[in-house]
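Each chain, letter by letter, is given below.
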Amino acid sequence: MSVNPSVARRSAARLAAVQLLYQMEMTGISDEQALLDSKARRAEEPRGRMAEPDSSLLGQTVRGVTADTAKLDQLIGGALTGDWTVERLEAVLRAILRAGAWELGARAQTPTRVCISEWVDVAHAFYSGPEPGLVNAVLDRLAQLLRTGETGKGG
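Summary of the structure given here. (Residues numbered from 1 in each chain as written. Predicted model: local features only at pLDDT ≥ 70, side-chain atom pairs only at ≥ 80, totals over all residues. Heavy atoms only, no water.)

A few points about the packing of aromatic side chains
- Throughout the structure, instances matching the rule amount to 0 aromatic pairs.
- Geometry around Trp-84 places Arg-88 over its ring, the cationic atom sitting 4.1 Å from the centre. (Phe/Tyr/Trp six-rings, centres within 6.5 Å; stacked < 30°, edge-to-face > 60°. Lys NZ or Arg CZ within 6 Å of the ring centre and 35° of its normal.)

Overview of helix H4 (residues 91–106)
- Taking 1.5 Å of rise per residue, 16 residues should cover 22 Å, and H4 covers 22 Å from first to last C-alpha, within 8% of that figure.
- Most of H4 sits inside the fold, with 14 of its 16 residues counted as buried.
- The N-cap residue of H4 is Glu-90: its side-chain oxygen and the backbone nitrogen of Val-92 are 3.1 Å apart. (Helix = DSSP H or I, 4+ residues; strand = E, 2+ residues; numbered from the N terminus. Expected span 1.5 Å × (residues − 1). Buried < 20%, exposed > 50% of the residue type's maximum accessible area, 1.4 Å probe, protein only. Polar contact = N/O pair within 3.5 Å; in protein donor to acceptor, adjacent residues only side chain to side chain.)

Structural notes on the side chain of Thr-110
- Tracing the chain through its elements places Thr-110 in the loop between H4 and helix H5 (112–126).
- One polar contact links Thr-110 to Glu-103, side chain to side chain, over a distance of 3.0 Å.
- For Thr-110, the contacting residues outside a window of four places in its chain are Arg-14, Glu-103, Cys-115 and Arg-147. (Contact = heavy atoms within 4.5 Å.)

Here we look at the pattern of salt bridges
- Tallying each qualifying case throughout the model produces 9 salt bridges.
- The closest approach of N and O atoms between Arg-14 and Glu-118, which form a salt bridge, is 3.2 Å. Of this pair, Arg-14 sits in helix H1 (residues 5–27) while Glu-118 sits in helix H5; the two residues are 104 residues apart in sequence, bridging distant segments of the chain. The pair formed by Arg-14 and Glu-118 is uniform in burial state, with each residue classed as buried.
- With a closest N to O distance of 2.6 Å, Arg-63 and Glu-32 form a salt bridge. Residue Arg-63 is found in helix H3 (residues 55–79), and its partner Glu-32 is found in helix H2 (residues 31–44); the two are separated by 31 residues along the sequence.
- The exposure class of Arg-63 is partly exposed, given its relative accessible area of 40%. (Salt bridge = Lys/Arg side-chain N within 4 Å of Asp/Glu carboxyl O.)

Below is the structure:
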C-alpha cells in the first residue's frame, strides 16, 4: 500500500518537531536556531527512505509549541491522572504531548482522530512501553476540551 506523499511528509514533520523540541529543551537553543540547524542537517544528509518533512508544519509546530509552552503545560497537566505532572514526564514524552496538544488547538484542519493517531505513532517511534497509551489518553482528553465542535465519540 502506498502512502500519500503529503501525508508521509506531515508524519515526518511531526517526528522531526519532537526531535527539535527535545534538542531545544536539552541545549537551550532557540526555536529559530533549531529549525535552521535541522534544515542544514537535512541538506547534508543523503536521501534515505524517510520522507522529507513538511517544512511548513515543522516550523508551525516548533514555533507554536515554543510560543505556547506554559499554556500547553497547563492543559497537559490537567489531563494527566494521579500525581503525574508535566515536569515528571520524560523530555521526549513532554515534547510529544506539547506538540500534539498544540496541533489539536491550532490546526482545526487536522481531524481529531488523525491528529491523535499521528502523535501516538510518533510515541511508538520512541517508546515500546506504556507511553503511546498515555499519549493517546492525554490527547483524547485534550481533544474533548479543545475540539468541542467536533463529535469525535464513536465517529
